[in-house]
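Here is how the chains run, residue by residue.
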Amino acid sequence: MKDPEAARPAADEAAVAVYDELRRLAAAYMRRERPGQTLQATALVHEAYLRLAGAGSPWADEKHFIGIAARSMRQILVERARARNAQKRWAGLNRVSLTESLVAAANEDAMLPALDEALTRLEQLDPEQARIVELRYFVGLGVEETAEALGLSPATLKRRWALARAWLFRELAAGGGTTDGRGEQHRGFR
Amino acid sequence: MTRDQWRRVRDIFERALESEPPDIDAWLYRQAGDDAAVRAEAASLLRHRTGTGSFLLQPVTERVSNLLAEERALQPGQIVGPYSIVRELGRGGMGRVYLATDTRLGRTVALKALPPLLVKDQSQRERLRREARAAAALTHPGICTVYALEEFDGELYIAAEFVDGQTLREEMVGRRRPAPGDVLQTARELAAALASAHAKGITHRDLKPENVMRARDGRLKILDFGLARVEESGAGSLAVSGPGAPSVEALPRAHPTEPGMLAGTPAYMAPEQLNGQPVNARADVFEFGVLVYEYAVGTHPFDAPTPLGVAARVLESHAHPIERPDLPPQVVDVLERCLRKAPADRFASAVDLVHALARDEATPRRAGGTPWWRAHQLATMALYFVASALAWQVKEWQPGTAGVVFLTIGVAASIGGVFRGHLLFAERVAGSGAVAFSAERRRATPATLVVDLLIALALVIDGMILSSARPLAAVLTLALAAGIGLARLLVEPSTTRIMFGEAEPTRR
């Protein structure tokens, strides 16, 4: 398993600050939260921005900030999912790999590590694709907001979002539950 | 795929979404006739796009927001309700376990907390409640007693008997193979504890060396009836789990463990558990078999290089033979029956296990019986020789029918001799407990029966031929016929029973 500390962008101090702030806010939020309520990550990111904006913010604008925050949200959620899955595992056997369909599985947290690894592969091919997924899926921004944050037209964003979903769906559906990061790459490229 | 190629794929994908061409293959060829890789990738992605459904459409935090909750550990000295935390004992999939003092009664307890990380997870809450309810119904010295289910500040705790000692896993790591008597004793204790739960309709479903503690006084205690399911027998009950009955497992989300997840630890799961089929006490019997086997032998009965390999072996292959001739045969037989694939072939519950293990038969398989069995085989082969020699003599005295009789005896004695010699050889090489040897015996039994009775019959005919001319020789011949016949019908079954603990090798 990857070391979460190593996965953190230690070089970028701004990112670390955002990461820590989001973690703290999320934890506080969860303590207040009533059971059954869902967390609005957009609200969380916005609050983090307001808190950090005053302190000589190293990012250009809120758009830039949201990009960093989205990346942090992805890291936090994937780390937690990994830690949680690790407890359920026996000697490296991921239970999910025993179930018929990874994608159809209701336990989405178990899918996150595999999704993260697929996303990392997609990122090597096309970084913008990964940004789209982080903003739409990990933060929950709408089409308009995501398009604005990335400087795309909403129509283009919609199509590229469809592309990212198709690419990741194929990876997860075909690659199965490998969480060791060596899922078969570029399946279908002959 | 290069980035340039990828950019072409992306553009083609986007154009396809815009124009939705009717003949996609021809259209793709027009877009990228020069690059087959680009064409194939675009086609693959367009194909997969149609199946994405709601994939990733709902933001992750709206679905698994509990992932964001911070995990908190209790510190020594901290007070939770009436409990004072002493130290953390360990962590598991079900949460942290602390050593604590119940200040009301002054007794030491093990306090198990539902992880705050999962505190909002209703299914985990429900699972813990069930654990407490199921386990609280059990009062057996071999089962860790549950005292109370507590709720403080919205968090759930189980207070249970604190067992000071080590798990069977720790015990197995730090020592050599246990003596045969220890194996029998351990199997009996575990079976008795499990039987008391089965008698109440409660199954464990996650038996493994980590869930069995050896207390300091040497007694065993089963922990964590965490996945236990109460088999309610009343009409309209939720958890119908008789064989063949529809199980709650068949219904996603209605299942008390997490939806889409398997309950239990894969390496110790019965085949039907791995297959997601209904389980009952017979799955516990299987897990018991795996556990005791591993305790006795030191390795998993379905050992394989990878965990998935183990699961595959559990589903498809036989257990590795037990390489311990010193074990009491009853233990070997019991384990062999516990590890059968079909639940119906195993013991119905641990109650039957207790009976099977109770027989006081601690003699190893090979002691005592083997020399008798070998002597019998050799003696029979000698009788074959005598019978052949006698038939030759009869033929010399009275040619004619006796010639045919001699031929019959000669052929039969040769075949019988080969079979018996082969059995002796196989027994020496493989050992009497080996599965391969059992198969040899099964094959040889009808042959030796036919051969021996044929020789006896032929000798009777010889005796009748001699009766008028040489009455004394005739009596001797008839006596030999009776000897061979009776040896096969009376003596051989008893030497076989002494050696193998069974009359005829029909069962194995």
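All values derive from a computational prediction rather than experimental measurement.

**Re the overall build of chain A**
Helix and strand counts for chain A come out as eight helices and zero strands. Secondary structure elements in chain A, listed N-terminal to C-terminal, are α-α-α-α-α-α-α-α. Split into buried and exposed, the 190 residues of chain A put 53% on the buried side. Partitioning the contacts of chain A with sequence separation of at least 6, the portion at a separation of at least 24 is 66%.

**With respect to the overall build of chain B**
The helix and strand inventory of chain B stands at 16 helices and eleven strands. For chain B, contacts bridging at least 24 residues in sequence account for 64% of all contacts bridging at least 6.

**Considerations on the side chain of Glu 134 of chain A**
Residues and elements named next belong to chain A. With respect to the element layout, Glu 134 can be found in helix 6 (residues 127–139). What makes Glu 134 buried here is its relative accessible area of 1%. With residues near it in sequence (within four places) discarded, Glu 134 still touches Ala 70, Arg 71, Arg 74 and Val 139.

**What to know about the confidence of the model for chain B**
If pLDDT is low for a region, its predicted coordinates should not be looked at in detail. Residues and elements named next belong to chain B. On average, chain B scores 80 in pLDDT, and the residues at 70 or more come to 79%. Across chain B, the element-wise mean pLDDT spans from 38 in strand 11 (residues 229–230) up to 94 in helix 9 (residues 281–297). Within the model, pLDDT remains below 50 along residues 227–263, and this stretch shows 79 contacts once partners closer than five positions in the same chain are excluded. Both scores are given for the predicted complex: the pTM is 0.48, the ipTM 0.75.

**Some points on the sheet that holds strand 9 (residues 212–215) of chain B**
All names here are of chain B. Within the open sheet, the three strands sit side by side as 7-9-10. Their pairing is antiparallel. In the strand order of this sheet, the two ends are held by strand 7 (165–167) and strand 10 (220–222), each with one partner. Taking the axes of each pair of neighbouring strands and ignoring which way they run, one obtains an average angle of 30 degrees across the sheet. As paired elements, strand 7 and strand 9 share three bridges and run antiparallel to each other. Residue pairing across strands places Thr 167 opposite Met 213, the latter belonging to strand 9. Packed on one face of the sheet, helix 7 (residues 180–199) meets strand 9 and strand 10 and runs near 40 degrees to strand 10.

**Quick notes on the nonpolar core**
Formed by 67 residues in total, the largest nonpolar core has its most connected members in Leu 22, Met 73, Leu 115, Tyr 137, Phe 138 and Leu 168 of chain A. Setting aside residues up to four positions removed in sequence, Phe 138 of chain A forms contacts with Ala 41, Ala 70, Met 73, Arg 74, Leu 77, Val 78, Leu 112, Leu 115, Leu 119 and Val 133 of chain A together with Val 60 and Thr 61 of chain B. Of all hydrophobic cores here, the second largest spans 63 residues; its members include Ala 193, Leu 220, Val 292 and Ala 356 of chain B.

**Section: the side chain of Arg 121 of chain A**
Take Arg 121 of chain A: it is sitting in helix 5 (residues 108–125). Here the side chain of Arg 121 of chain A touches Glu 171 of chain A through a polar contact of 2.9 Å, side chain to side chain.

**With respect to the packing of aromatic side chains**
Following the criterion strictly, the structure yields four aromatic pairs over all chains and no others. Seen from their ring centres, Phe 169 of chain A and Phe 55 of chain B are 5.4 Å apart, and the 65 degrees between their planes marks the pair as edge-to-face. A residue pair is termed interchain when its members come from two chains, as with Phe 169 of chain A in helix 8 (residues 154–175) and Phe 55 of chain B in the loop between helix 3 (36–49) and helix 4 (60–63). A residue is classified by how much of its surface remains accessible, and Phe 55 of chain B, at 6% relative accessible area, is buried. Centre to centre, the rings of Trp 392 of chain B and Phe 406 of chain B are 5.5 Å apart; their planes meet at 70 degrees, and the pair counts as edge-to-face. Here Trp 392 of chain B is found in helix 13 (residues 369–397), whereas its partner Phe 406 of chain B is found in helix 14 (residues 401–430), with 14 residues between them in sequence. Judged by relative accessible area, which is 41%, Trp 392 of chain B ranks as partly exposed. Assessed through its relative accessible area of 21%, Phe 406 of chain B is described here as partly exposed.

**Side note on helix 7 of chain B**
Residues and elements named next belong to chain B. Its 20 residues give helix 7 an end-to-end C-alpha distance of 28 Å, which sits within 8% of 28 Å, the value for a rise of 1.5 Å per residue. Listed as buried for helix 7 are Val 183, Leu 184, Thr 186, Ala 187, Leu 190, Ala 191, Ala 193, Leu 194, Ala 195, Ser 196, Ala 197 and His 198. Where helix 7 is buried, its residues touch strand 8 (202–203), strand 9, strand 10, helix 9, helix 11 (329–338) and helix 12 (350–358). Trailing helix 7 by a residue or two, Gly 201 shows a phi angle of about 80 degrees, which is positive.

About the criteria used
Residues numbered from 1 in each chain as written. Chains lettered and ligands numbered in written order. Predicted model: local features only at pLDDT ≥ 70, side-chain atom pairs only at ≥ 80, totals over all residues. Heavy atoms only, no water. Helix = DSSP H or I, 4+ residues; strand = E, 2+ residues; numbered from the N terminus. Buried < 20%, exposed > 50% of the residue type's maximum accessible area, 1.4 Å probe, protein only. Contact = heavy atoms within 4.5 Å. pLDDT = per-residue confidence, 0-100. Pairing = 2+ DSSP bridges. Axes fitted to C-alpha atoms, helices over the stretch in contact; angles between N-to-C directions. Core = buried A, V, L, I, M, F, W, Y, C linked by side-chain atoms within 4.5 Å. Polar contact = N/O pair within 3.5 Å; in protein donor to acceptor, adjacent residues only side chain to side chain. Phe/Tyr/Trp six-rings, centres within 6.5 Å; stacked < 30°, edge-to-face > 60°. Expected span 1.5 Å × (residues − 1).

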